[in-house]
Every structure is written in structure tokens, then in C-alpha cells.
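Structural features, examined
Below, each chain spelled out in residue letters.
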Protein chains: 8
Amino acid sequence: MNWQVYLSGEIHTDWRDRIAQGTAAAGLDLRLTAPVTDHAASDAAGTAVLGEQERPFWNDHLGAGVNAIRTRTLIERADVVVVRFGEQYRQWNAAFDAGYAAALGKPLITLHPPEHDHALKEVDRAALAVAREPEQVVEILRYVLAA
Amino acid sequence: MNWQVYLSGEIHTDWRDRIAQGTAAAGLDLRLTAPVTDHAASDAAGTAVLGEQERPFWNDHLGAGVNAIRTRTLIERADVVVVRFGEQYRQWNAAFDAGYAAALGKPLITLHPPEHDHALKEVDRAALAVAREPEQVVEILRYVLAA
Amino acid sequence: MNWQVYLSGEIHTDWRDRIAQGTAAAGLDLRLTAPVTDHAASDAAGTAVLGEQERPFWNDHLGAGVNAIRTRTLIERADVVVVRFGEQYRQWNAAFDAGYAAALGKPLITLHPPEHDHALKEVDRAALAVAREPEQVVEILRYVLAA
Amino acid sequence: MNWQVYLSGEIHTDWRDRIAQGTAAAGLDLRLTAPVTDHAASDAAGTAVLGEQERPFWNDHLGAGVNAIRTRTLIERADVVVVRFGEQYRQWNAAFDAGYAAALGKPLITLHPPEHDHALKEVDRAALAVAREPEQVVEILRYVLAA
Amino acid sequence: MNWQVYLSGEIHTDWRDRIAQGTAAAGLDLRLTAPVTDHAASDAAGTAVLGEQERPFWNDHLGAGVNAIRTRTLIERADVVVVRFGEQYRQWNAAFDAGYAAALGKPLITLHPPEHDHALKEVDRAALAVAREPEQVVEILRYVLAA
Amino acid sequence: MNWQVYLSGEIHTDWRDRIAQGTAAAGLDLRLTAPVTDHAASDAAGTAVLGEQERPFWNDHLGAGVNAIRTRTLIERADVVVVRFGEQYRQWNAAFDAGYAAALGKPLITLHPPEHDHALKEVDRAALAVAREPEQVVEILRYVLAA
Amino acid sequence: MNWQVYLSGEIHTDWRDRIAQGTAAAGLDLRLTAPVTDHAASDAAGTAVLGEQERPFWNDHLGAGVNAIRTRTLIERADVVVVRFGEQYRQWNAAFDAGYAAALGKPLITLHPPEHDHALKEVDRAALAVAREPEQVVEILRYVLAA
Amino acid sequence: MNWQVYLSGEIHTDWRDRIAQGTAAAGLDLRLTAPVTDHAASDAAGTAVLGEQERPFWNDHLGAGVNAIRTRTLIERADVVVVRFGEQYRQWNAAFDAGYAAALGKPLITLHPPEHDHALKEVDRAALAVAREPEQVVEILRYVLAA
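As a starting point, this report considers the structure included with it. Bear in mind the structure is a predicted one, so any value in this text is a computation, not a measurement.

On to the overall build of chain A, then. Helix and strand counts for chain A come out as 7 helices and 5 strands. Reading the helices (α) and strands (β) of chain A from amino to carboxyl end gives β-α-β-α-α-α-β-α-β-α-β-α. Radius of gyration (C-alpha) of chain A: 16 Å, near the 15 Å computed for a compact globule of 147 residues. Every one of the 147 residues in chain A was classed for burial, and the buried ones make up 65%. When contacts within chain A are restricted to residue pairs at least 6 apart in sequence, long-range pairs at least 24 apart make up 64% of them. For chain A, the exposed area adds up to about 5,200 Å²; of that, 48% sits on carbon and sulfur atoms. Of the side chains in chain A, 14 bear a positive and 20 a negative charge, and the two mean positions are spaced by 5 Å.

Turning our attention to the pairing of strand 3 (residues 80-84) of chain G. All names here are of chain G. Of all 5 residues in strand 3, 5 are buried; the element is thus mostly enclosed. Alternating residues of strand 3 divide into V80, V82 and R84 and V81 and V83, and every residue in both groups is buried. Of the pairings in the sheet, the one linking strand 3 to strand 4 (residues 108-111) comprises 4 bridges and is parallel in character. Paired with V82 across the bridge in strand 4 is I109. Traced from strand 3 through helix 5 (residues 92-103) to strand 4, the parallel crossover comes out right-handed.

Attention now moves to the environment of D:A146. Turning to its location among the elements, D:A146 is positioned in the segment after helix 7 (134-144). Along the backbone, D:A146 and D:D29 are 117 residues apart, and their C-alpha atoms lie at a distance of 9.7 Å.

On to the packing of helix 7 of chain D against helix 4 (residues 56-77) of chain F. Viewed as axis vectors pointing N to C, helix 7 of chain D and helix 4 of chain F meet at an angle of 50 degrees, and their least axial separation amounts to 9 Å. Considered as vectors, helix 7 of chain D and helix 4 of chain F are oriented oblique to each other. Of the two elements, helix 7 of chain D crosses helix 4 of chain F, and the hand of that crossing is right-handed. Taken together, the residues of helix 4 of chain F that come into contact with helix 7 of chain D (itself represented by D:I140, D:Y143 and D:V144) are F:V66, F:N67, F:I69 and F:R70. Its residues assigned to classes, the contact of helix 7 of chain D with helix 4 of chain F comprises 5 nonpolar, 1 polar and 1 charged.

Turning next to the relation of the copies chain B and chain D. By a simple turn and slide, chain B fits onto chain D: the slide is 0.0 Å along the axis, the RMSD is 0.0 Å, and the turn is 180 degrees. Within this description, the copies of the chain are treated as partners about a two-fold rotation axis. In terms of proximity to the rotation axis, the leading residue of chain B is B:E54, whose C-alpha is 3.4 Å off the axis. When the interface residues of chain B are mapped onto chain D, 100% of them are again interface residues, pointing to one common binding face.

What follows covers the sheet that holds strand 1 (residues 3-9) of chain E. Residues and elements named next belong to chain E. Read from one edge to the other, the open sheet built from 5 strands follows the order 2-1-3-4-5, with strand pairing classed as parallel. Either end of the sheet is taken by a strand with one partner, and the two such strands are strand 2 (30-33) and strand 5 (129-131). Pairs of neighbouring strands in the sheet enclose a mean axial angle of 20 degrees, with direction left out of account. Pairing of strand 1 with strand 3 (residues 80-84) involves 5 bridges; the strand directions are parallel. Residue pairing for strand 3: G9 is matched across the bridge by R84. With respect to the sheet, helix 1 (residues 15-25) is in contact with strand 1, strand 2, strand 3 and strand 4 (108-111), its orientation differing from that of strand 1 by roughly 160 degrees.

Time to look at the relation of the copies chain B and chain A. For the pair chain B and chain A, the best superposition has an RMSD of 0.0 Å and corresponds to a rotation of 180 degrees with a translation of 0.0 Å parallel to the axis. Take the interface residues of chain B: 100% of them recur as interface residues in chain A, which is what a same-surface contact looks like.

Let us now look at the pattern of salt bridges. Under the defined criterion, the tally for this structure stands at 80 salt bridges over all chains. In this structure, the salt-bridge partner of B:R142 is B:E139, at a minimum N-O distance of 2.8 Å. Placement of both B:R142 and B:E139 in helix 7 (residues 134-144) is noted, with a separation of 3 residues, approximately one turn of the helix. The class for B:R142 is partly exposed, based on a relative accessible area of 39%. In this structure, E:R18 engages E:D14 in a salt bridge whose closest nitrogen and oxygen atoms are separated by 3.9 Å.

What follows is about the packing of helix 4 (residues 56-77) of chain E against helix 5 (residues 92-103) of chain E. Residue and element names in this part refer to chain E. Between helix 4 and helix 5, whose axes approach to 10 Å, the crossing angle comes to 40 degrees. Judged by the angle between their axes, helix 4 and helix 5 are oblique. With respect to the hand of their crossing, helix 4 and helix 5 are arranged in right-handed fashion. Counting all contacts with helix 4, which are made through R72, I75 and E76, the residues of helix 5 involved are D97, Y100 and A101.

Take the interface of chain B and chain D next. Opposite the 7 residues of chain B that make contact, chain D presents 7 residues. Between chain B and chain D, the buried area comes to about 740 Å², and carbon and sulfur atoms account for 46% of it. If you sort the residues of chain B by the area they bury against chain D, B:E54, B:R55 and B:W58 come out on top, with a joint share of 71%. Note that D:E54 and B:R55 form a salt bridge whose closest N and O atoms lie 2.9 Å from each other. Joining chain B to chain D, the criterion identifies 9 residue pairs in polar contact (both at pLDDT 80 or more). Looking at the side of chain B that touches chain D residue by residue, the class counts come to 2 nonpolar, 2 polar and 3 charged.

What follows concerns the interface of chain B and chain A. Counting from both sides, the interface comprises 35 residues of chain B and, opposite them, 35 residues of chain A. When the area that chain B buries against chain A is broken down by residue, the three leading residues are B:W92, B:F96 and B:R125, summing to 23%. Linking chain B to chain A there are 2 salt bridges. A salt bridge links A:K121 to B:D43, with the nearest nitrogen and oxygen atoms 3.4 Å apart. Secondary-structure elements contributing two or more residues to the side of chain B that touches chain A are helix 4 (56-77), helix 5 (92-103) and helix 6 (121-125) of chain B. Ranked by residues supplied to the side of chain B that touches chain A, first place goes to helix 5 of chain B with 9 residues. For the side of chain B that touches chain A, the class distribution of residues is 17 nonpolar, 7 polar and 11 charged.

Rules and cut-offs
- Residues numbered from 1 in each chain as written.
- Chains lettered and ligands numbered in written order.
- Predicted model: local features only at pLDDT ≥ 70, side-chain atom pairs only at ≥ 80, totals over all residues.
- Heavy atoms only, no water.
- Helix = DSSP H or I, 4+ residues; strand = E, 2+ residues; numbered from the N terminus.
- Rg over C-alpha atoms; globule rule 2.2 N^0.38 Å.
- Buried < 20%, exposed > 50% of the residue type's maximum accessible area, 1.4 Å probe, protein only.
- Contact = heavy atoms within 4.5 Å.
- Areas by Shrake-Rupley, 256 points an atom, 1.4 Å probe, with all protein chains shown as cover.
- Lys, Arg positive; Asp, Glu negative; His and termini not counted.
- Charge placed at Lys NZ, Arg CZ, Asp CG, Glu CD.
- Pairing = 2+ DSSP bridges.
- Right-handed = clockwise from strand over helix to strand, strands pointing away.
- Axes fitted to C-alpha atoms, helices over the stretch in contact; angles between N-to-C directions.
- Parallel < 35°, antiparallel > 145°, perpendicular 65-115°, else oblique.
- Left-handed = near helix turned anticlockwise from the far one by under 90°.
- Nonpolar A, V, L, I, M, F, W, Y, C, P; charged D, E, K, R; others polar.
- Least-squares fit on C-alpha atoms with pLDDT ≥ 70 in both.
- Salt bridge = Lys/Arg side-chain N within 4 Å of Asp/Glu carboxyl O.
- Buried area = accessible area lost by both parts, 1.4 Å probe.
- Polar contact = N/O pair within 3.5 Å; in protein donor to acceptor, adjacent residues only side chain to side chain.

The following block contains the structure:
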């Protein structure tokens, strides 16, 4: 059916690979997209091209601007947005992406362990499915894309 | 000018009161709105009316649904959305609101201490101002609403 | 807060009155709107003005057109849409209104007895709350509209 | 012309096959899409992946969420939405889809026997054609897609 | 209910007055709006302020621009758009307004004698009611605005 | 550049052919679309499939519904809409299409002889070009699509 | 009629006052809005509240952010946007506002001397009227707002 | 990833070529689009086809109309809009395009020397990146389009 699925959020575990392998093994007709997941490259996305600023705040600002060119476009193109929250870090950009996708009316799947359930209740309420493991996301996509 | 300003995020400090007092003292023609900030009432928003479920996940789901009736409507009515991130907790709902507001094209002001700058860089990039103290938000609103 | 709440669906029981009395007793700042609930008047909405046709199909078509002038406008103006499914009749127009409201992004509350749960699962999934009694709708609105 | 036509509603008769055969025989350049029409698979869409819950209500809720990922996306992609109402069952999801499609401005064709005319008058009023037999839908598509 | 009704089209008969008198007599809570109906003033709307041009085409262009400031704004504000086609003239601007209103999803009522039925079939198909006399429009508005 | 150009309006002269030949000769990468231009087939679009009604009004209504499935979809897909007004007939559907396209923000080109200038001034004001001959439309498209 | 008119652009002459006086003298029911026109205050809108940065670029960035909270909201609220280009300065923000308003579908009036005609041809083409003097804007508003 | 990037603004230097060469050398999967950059052809876009008018104003008006058919369509199709401001000329159309793109929510990159920073602060504030050299735009696109 040729769907595009955006994988937002945590970049420290192999969840994107597991979804990629699972959907490839299932022969699904979809394209997985994502932010730049190389942490150092992502942090330097602005300064590497536009130059270092005096304050870290503006360095971050430059980087976030360049990354947003990619992420907003890919979210708007996506048919489904999957947002992963991991065990660590604040991951506010993941929640921001979820809110952004929700306001655009994109079908949302969240992926996180149960210990975050209470803290993520507003995000999960906006989702059409809450998964615990990447393989569950694969199963959902397999079902959704069935001929 | 009769603006509506939605105050999203952290509910454990007096930042909303400080903005209310400051804007009242300045005589600004605006209405401040917010989620229900009584933590216990907010958590029970679903179960108190619709009944306890077997799993905490569904209790949260009920509560988040009822709260969303309020928060989404107020965000859509808002002329400006202020999102506050405090020192504690994960506050994913604040980041979700910021993403939701950004996708709707609402002017966004974030309010948080500098130690969250790096973690909030994507949210801040979508904002038109990043404030550190509630009084700065008052000043911005005073300027913005000048006759 | 001055909200508008559209009450769609079943017209044979007193559920609208119970919501009106409950919200009035609670002193809520809202306006309740509804389709024309006089069944005979509603069925004759087209033919009484535009004339009888040879076929019942076109009589219905005329009536549904005139009623839609009212219902679509009120749904678009509504901050919240409540849709009631009763014990009898097919009530496809109620489900149609629910779908219409959902596509517009309106917060949706459904109201129906548990025996319809399975048949209404798609409609309920699009709702932010599923109530069983009109008084629960009143409670939700009381919470949502709290100062 | 490469159109996409979504076939919503009743899943117990062969109407989708008859449309598929008719449009194939006519050599029309279109793609027919539909919800998952395997009733058991559709009902289990949530629980099979995300686990059984204590209450049937939440099992339905999980399933409806997963199905909505598919159905909303396909309705939004569709150039034309056909909604079929059969002799049996309440079929509220069909009417919900019709309302959803109507609010998105999708051209709508309904397909149902005359005995449902009065009950479906609001849905039919939102449609650009009301057909009785799948072959009439084929004829309409043949005309609409003529070079 | 405080509705706004835009009365587009023919400016040579008293149909707007008849609707104004009828709705006033019925005590309806609505506001009637319209283009400038003084034909000479309307034709001179551009040139009177911005000056005569060498070609009638540009005179018309100036006038149509100034008139569009009024008409587009009023159509977008309207809850209902009534479009009247009279016995004479080409009245393309009336049909243009009808198409404009239809694309915005405004409920449309057309008003014209039966001899124009075939020529107006596309316009009428987009309308929710086709009236023959201004008093029928009054009756429809009375029904639609019933408490 | 792969544009789609919708050719609306008058069906009695060869203007569509002249645009087709001119753009083909120029090797432009565009697709021309149009309503069904076989007058008899278009008038019978509804009744041929859905049956004759007692009144001509409803026959027209059926036909206009089926034709609208095609025309609205093609207008929404179009990058440019050309609307032709000929010497004869009332052509209200052409003006309706122009209004519909204008409200959608589609670039509009009108094509008509100067004697209609005053009557078409509102339509022309919404257009980005007013042409007199089909060959001028070809020239405009050639310029617009230049690499 | 209660319209809101946003006056964008040049801040060095008395054109806003002349429009204010003219529309007040004419007794028009409208509200004039504008950016903050105190040049020094506008330039310091960011730094006065949020602090001086190392680079002028970021000082401007802060100021432009705070000003945008006001200007975007007022443009979105406006029924008509008037954009004035004066004799001096580059006034790119005026052209930016014009483009922003045009994309939102706001009726646009430009106001500038003839020597800028060629340089402003794209902006003027998006406008519904091009005036030379503030009094002409007053005349247009008087006409547009006529009862 | 198959993106479309619209290059708006200054037409007197080789900046478009440098971006074209850089992105081609990097093997990026994108399509660069632009207005017609042949100055004489662009100025004559209207008059060459539609005829000379008595006043330069209307000649410009005709040309700007024809050019807008191209530019608005390409901006709406673009995933990213780059706007270049050069050393000379007023370039109001570039700022207009930037405002238009911003209101559509298009990711915006501006390209200009530092001496324009203050005058372009509102435009730059709406951009996600401010570049000084075409090669920086290439670098940003390379990053954004990374697999």
C-alpha cells in the first residue's frame, strides 16, 4: 500500500532496527523515516555549517532549526507516526513530536515500558495503540497494511 | 485587545499566580486559561465519573480523555500558549502541548531554567520567546498587548 | 468559559432535559444546542416548505437538506459534541454526526448503555469519554468547565 | 485516471467482489481499498498484539484503535468513498465513516436497499449518489473515470 | 442563535427586502448581509476612488477588487449563503459566489424560478435547499433557527 | 514539471482540442482534464444508472451528483483551472467551478470574448490571467512550465 | 459591521493617523490594529526582557520573536490587511506581512507611491486594491463597510 | 528522499547554479525549482501573450499574474523554500515569497550577507536557518536529506 512511517524518539537502543528488520521480513510495502539518529551529528547540525556561537543556547538553536527542516517535513509526509520513549533522558522532543503529529491528525503509536504509563497518559490517550516492544509495532503495521 | 493565553505545564510552583498577578497589575486585557491544576482531581478526572478499572493504565486513559476535552479546546482557543517546564518530573504532557500548539501555528513562549536548555532545544526552537521567570512572560505580554 | 455543547442523537427519552437541568443546577457557563427534536416537524422540514414529491425518497431528501443547514452549523460551532445512542431504532444519523464531528477534531462524548459497546466500538474509540447516564455527562462538563 | 476508492461498511455479502470484478472488467484505472474484512481478525486486531484485557470494552477499544490506523488513512487517501448498509446489524461504523468522509469533503456514494431510505436520509443527503446494487456503483465509476 | 446569512445575487427585485421583513416579523436572531446593491455605486467602486483607466476592462477590474473585499469577507463570516438567480442578466457573479461558498462548506440555499432548473443543476446540487420564493427562504430560516 | 490543468466550461466549440494540440506540440509535461463533454451523456449521467424520476428537477439532481464526483475531484487535483465562457447559454456551472476553484486557492485562467468582460468582472478579478483565445492559454502554460 | 483592519509597514510618516482620523470621522465600525510603531521599543522588544546577546543577530532574533507574537496574531484576526511601503528603507517586513496575509487569504490593500510600482508588482498583484494616499484607503473602507 | 526545493529571490548572481552543482555533486535526491529567472522574459510574461496596455502598472499587473501561476504552485509543492536577498534592488517579491511560505508552514532557509541582518530580522525569525553562502545551503540540504 506504500505507506510512510516516521519513527520518532529515543536513539540509544536498536528499536528502529528491530522494526526495520521485522517489517522487511514481513515484506511490507512501507518506507521507514526518522530524524538523524547520529547523536553527535544531530547536535552539531547547526554549528557545523553555520558556525559556533558564544552561547550554548544559540548553538542548540541553530541545530534544532536545521533538524526541524527534516523532522517536520517527514512527520507531515508520514501516514503513521511511532514515538518511542526509553528508560533514560527527558525525551521532550519525542513528546513534542507526538503533540505535533496529533494536531495534524496523524495516527500515532507510542512505544514505551509500563513504568512510564502514568507520566505518558496524555500522550498515550492521543495514540491509537500503545506498544511495549518494537515487534508489536511490526505486528500492528503488518495488520494495518494487509492487502 | 482581549487575548486568551493558555498556561500549560508544571503545576507544583506558583508561576501561574505570578503571571496572573503581574498581568492584572499591568491592567492587561487578557484571559488566562489552564488545565485543571489540582493534581488529585486531575488524576481522578476519569475514574471519579466513569468508575475504577482493573488496570491503572485504563484509569489513566479515562482521566486523560476527560482532561483532553478541556485542554485541547483551550489550546485551540488560545492566542498565545505559554509552556512551563519545572525542575522535576518528566512533564511529557507539557512538551506534548507545545508540539500540539506549534502544529496549530500558535505563538509559543517557553518558560524554564537554563539547565533544561539542551534537552528542550527542539521545543525552544518552535517558540517565539524563551523566558526564565514568570515576570518575563508578563513583560512580554505587556509589550505584545500594548495599545 | 462560555462553551457550546451539541447534543446529537436519540430523541425519544428525556436525556437532553436531564443534561440541561444538571448543567443549569451546576451553574455552568455553557449553551446546549441540538437538532430539532420534534420528530414530526423534523420529518416534514422539507416538504412543509418546498412541497410534497412523488417519492418518499425525495421527501426525505428535502427534509434532510433543511435539517442539515441547522445541524452542520451547530456541530461546527460546538466545543464539545455529545452523541446519544438509545435502545431502539438504527440511529445512523447519530453515528454520522459522530464521524462528522470526529473528522473536524471536535471533542466527542458518547452516551449509551453497555449492550451497544461492541457495535459502537469504532465510534467510542473516537470519543474522549463514554458515558452511560446523562448525569455523567453533566459531571464531565462540570469538571471540564471548572474555573 | 488513477483514483482510489474506499469501500466501507457491511462485510457479510460479496458486494466488494462484485465491484472489484465489474471495475476490472471495465478496465478502470482505480485502486479499491477497504477495512480488514475478516471479521474475527478485525475483532482481535488489538488483543492479538497488545493482550487481552479484563473487560470486553477495553478489548474492543484496543481493536478499534488498530483498525482506525488503517481506515482513517485510507479514507483520507480516497478520491471516492462508497458506504454499504446491509440488511442486518447496526452498522454504526459505516455511518461513522460516512460522516467522517463527508466532513473531509470526499465524494460519497451510498449503497443500500430502499427499506433503509428513511433511516439513512441524513447519510444519503450527504452523498452524491445513492445506489441499490454494486453494479450501479461500477457504472457510476465507469462514467466518472471516462477518459 | 445569532446567525449571519449572506444574500448573494440578483439586485433588481425586492427579494432581499422580503426576506428582511419576513425574518424580522418572525423575530429571528440573525443578521442579513449582502453585497453593495446600489448598481451604479457598485460599478464605480474602484474608479471613484482609484481613478478612471483607459480601458473598461481595468475599470471593471478595479471595481471588482474593491467589491471583493466586502463580499469575500461576508461570505466567510456567513453561517448560511442564499443565492438568488433572477429572470434576466447572466448573473455569473451569483454562480461564482455559490461555488466559492460551496468550497468553503457553507450551507447554501438557492432561490430561482423553475425555468432555470436545468441550467442551474450543478449549483442546485451543491445546495441544501432550492426555494422558489423569498418567503420559503424565511420559512427555512425560521425552522433552522428554532430554539 | 508534471502539472494537471482542468478545463472547465463551454462544451460546444473546439477550444479544448486547440489547447490539447498546442500543449502537445509544445511538448509540455502536463495532463489536461475536463468534465464529461458529451452533452447527452452528461445530462443522462444520473438517470441512466439510477433511473428516471417523475420530475425533471430530480433527474437533473441525479445527473449533477454523478458529474460532481468527477468534477470536484479533478478540480481539487488541478494545479491550474481554466474556465471558458462561450457566446451562448448561461454557463452557470462554469462560473460555479471558477468560484469553487478560487476558494481552494487554485490559479485560475479565464477564457472568453471581450463582450462578456463586464458580466464576468468578478470572475476575472479572481483569475491570474484573462485570455481571449485558446492559443493564449497554451502560451501561458508554455511560459509557466518552462524548465 | 465590526471589522478589524491591520495596518502593516512603514512607521515614519503619519499614514496610520490619517486613516484613523478618516475612519473615525466617517463613523466606521472598525478597529485598527498595527505592530508596535515605536521604533526603539520595537528594536528592544527582545533584549529589554530577555537580555542582551553577544551578537546583534541574536538581539534582532529575540526582538523579532517577541514582535511576531503580536503581528501574526493580529494579521490572523484581521478582516483586511493594509500594507504601506514608504519612500525609504527596505521594508522587507512589510512585504513579508503581505505574503503572509496573502497566503491566509486575507483581502489585501497596498499603499505606496507610483515609483515603487514595478518593484512591488508581485505584491500589488496579490492585492485587491492599490492606493496612493491614506485617504483612498479610508474611502475604500467606507464603501466596503457601507450598511 | 525525493524533496522539492524552491529557490526564490535574487536573479543576478549564480547562487542557483552553485546550489544546483553542489547538490548534484552530493548526489542528493531532490528537485530544484525556481521562478523564471530570465529577467526580460519575466517582465514580459503578461504583455507578450495578452498585449500591451496603456499604463506600465497594468503591464506589470499582467506579468505578475502569469508569473504567480508558476510561483505559487511551486511554493505550495515545495518541501523547503530558500529565499536569497542580494546586495541590490528592493527584492520585495523575495520577502513576499518568504511570508507566503511561512504562512503555509514551509521550512524556510534565508540566504543573505550580514549587512542585511537588521532589515531582514522578521524574515530571518521565520526561517529555520540563515545562510551566508549557497554552499551552506547545500550542506544543510545534504544533512537534512541524509538517509
